[in-house]
Amino acid sequence: MKSIIIANWKMQLDLKGAKELAMAFKGISEKDKEVVICPSFASLGEVGNILKKGSVKLGAQNCFWEVKGAYTGEVSSWELKDAGCEYVIIGHSERRQYLKETDEMVHEKVRAALSAGLTPIICVGETFEQRQQGARDYILIHQTTKALEGIKVDKNQKVIVAYEPVWVIGSGQAVAPEDAASASQVIGQTLIDLYSGDLANNNFSVIYGGSVDSRNIKSFVQTGVIQGFLVGGASLKKDEFIDLIKNI
Ligand code: PGA
């Protein structure tokens, strides 16, 4: 399976900055690696135009669960598909924290993303307090199950689950690779329990995110169980992101 590297630009760039970075990344083409860029909604169109025809894919950072209607300020997964997206990040911890996104909302968004033909990138992970209580695995199993339980995944659909320990995001200090590996295995087991082993192994990828950079990425790859990365800060620096991809 190809390893997947997803750039989450969050709300960090203006249009000019987003276009410059997209120009720098559009030529990235590495065998066995799928690179996805997730700009903000406002620069999705322009970044999509720059990436068009290249091998780097377009993703969004969120979607709404309804197809259309009176939902001021929301963007549906079908609109994202129309705009050229193939991926959408769902349930990022910043949305769970600041926008009070619940497991139920995440579930509806995953359903909508799959119906529109998008690959959902579902973020799960424990806070520092939950970790101190020894609840990491409970949180991972709970969030993964709530996001997916009862949703049918066909053989031609893909789902990505990203383990993102909330307390290391943007901190500059990633978790130990063995820690990320064991968390990935807990998520992987949950997927096998929810779906068949075959489907879980072929249609789902479990990736890691949280202060990944060009220096520490190799140690995560070497665990042999992490299938890709969700990258925030390091995806905003041209040379850093290109080195990071090369180092996989
Ligand atoms: P970070 O962000 O790489 O800056 O820690 C990752 C994320 O929020 O997805």
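Refer to the structure presented above.
Just so we're clear, the structure is a prediction, and the values are computed from it rather than from any experiment.

Engineer: Hey, could you run me through the site of the ligand in this one?
Structural biologist: Around the ligand, the neighbouring residues are Asn8, Lys10, His92, Glu164, Ile169, Gly170, Gly210, Ser211, Leu230, Val231, Gly232 and Gly233. Gly170 places a polar main-chain atom, nitrogen or oxygen, 2.7 Å from an oxygen atom of the ligand. Between an oxygen atom of the ligand and a main-chain N or O atom of Gly233, the distance comes to 2.8 Å. In the complex, 95% of the free accessible area of the ligand, which totals 280 Å², lies under the protein chains. Tallied by class, residues from the shell around the ligand come to three nonpolar, seven polar and two charged.

Engineer: I'm lost on helix H2 (residues 41–51) in this one. Help?
Structural biologist: Side chains that are three or four residues apart share a direction in an α-helix, a result of its 3.6 residues per turn. Within the sequence span of H2, burial applies to Ser43, Leu44, Val47, Gly48, Ile50 and Leu51. The arc that holds the buried residues of H2, viewed along the axis, is 155°, so those residues lie on one side. Among the exposed residues of H2, those pointing more than 90 degrees away from its buried face are Ala42 and Asn49. Against helix H1 (15–25), strand S2 (33–38), strand S3 (57–60) and helix H3 (77–82) lie the buried residues of H2. Residue Lys53 follows H2 closely and has a positive phi angle near 75°.

Engineer: What should I look at first to understand the nonpolar core in this one?
Structural biologist: The nonpolar side chains of a soluble globular protein tend to be buried, and buried together. Core analysis: the largest hydrophobic core is formed by 63 residues, its most contacted members being Trp9, Leu80, Leu148, Tyr208, Phe241 and Leu244. Per-element accounting of this core gives the leading share, five residues, to helix H8 (residues 177–194). Once residues within four sequence positions are removed from consideration, Tyr208 is found in contact with Tyr163, Pro165, Val168, Ala174, Val175, Ala180, Phe220, Ile226, Gly228, Phe229 and Leu230.

Engineer: Looking at this structure, I do not really get helix H5 (residues 103–115). What am I missing?
Structural biologist: Along its 13 residues, H5 runs 18 Å from first to last C-alpha, staying within 8% of the 18 Å computed at 1.5 Å per residue. For H5, the set of buried residues is Asp103, Val106, His107, Lys109, Val110, Ala112, Ala113 and Leu114. Immediately beyond the C-terminal end of H5, within one or two residues, lies Gly117, with a positive phi of roughly 85°.

Engineer: Explanation requested: the sheet that holds strand S1 (residues 3–8) in the structure shown.
Structural biologist: Backbone-to-backbone hydrogen bonds join strands into a sheet, with any given pair of strands oriented parallel or antiparallel. Strand order in the closed barrel formed by eight strands is S1-S2-S3-S4-S5-S6-S7-S8, and the pairing between neighbours is parallel. Each strand axis lies, on average, 25° off the axis of its neighbour in the sheet, ignoring direction. Looking at chain direction, S1 and S2 are connected through six bridges and run parallel. The partner of Ile4 across the bridge, within S2, is Glu34. Seen against the sheet, helix H7 (residues 136–148) touches strand S5 (119–124), strand S6 (159–163) and strand S7 (204–209) and runs at an angle of roughly 150° to S5. Relative to the sheet, H8 contacts S5, S6 and S7, its axis offset from that of S7 by approximately 150°.

Calculation criteria
Residues numbered from 1 in each chain as written. Predicted model: local features only at pLDDT ≥ 70, side-chain atom pairs only at ≥ 80, totals over all residues. Heavy atoms only, no water. Near = heavy atom within 4 Å. Polar contact = N/O pair within 3.5 Å; in protein donor to acceptor, adjacent residues only side chain to side chain. Areas by Shrake-Rupley, 256 points an atom, 1.4 Å probe, with all protein chains shown as cover. Nonpolar A, V, L, I, M, F, W, Y, C, P; charged D, E, K, R; others polar. Buried < 20%, exposed > 50% of the residue type's maximum accessible area, 1.4 Å probe, protein only. Helix = DSSP H or I, 4+ residues; strand = E, 2+ residues; numbered from the N terminus. Arc of directions from axis to C-beta. Contact = heavy atoms within 4.5 Å. Core = buried A, V, L, I, M, F, W, Y, C linked by side-chain atoms within 4.5 Å. Expected span 1.5 Å × (residues − 1). Pairing = 2+ DSSP bridges. Axes fitted to C-alpha atoms, helices over the stretch in contact; angles between N-to-C directions.

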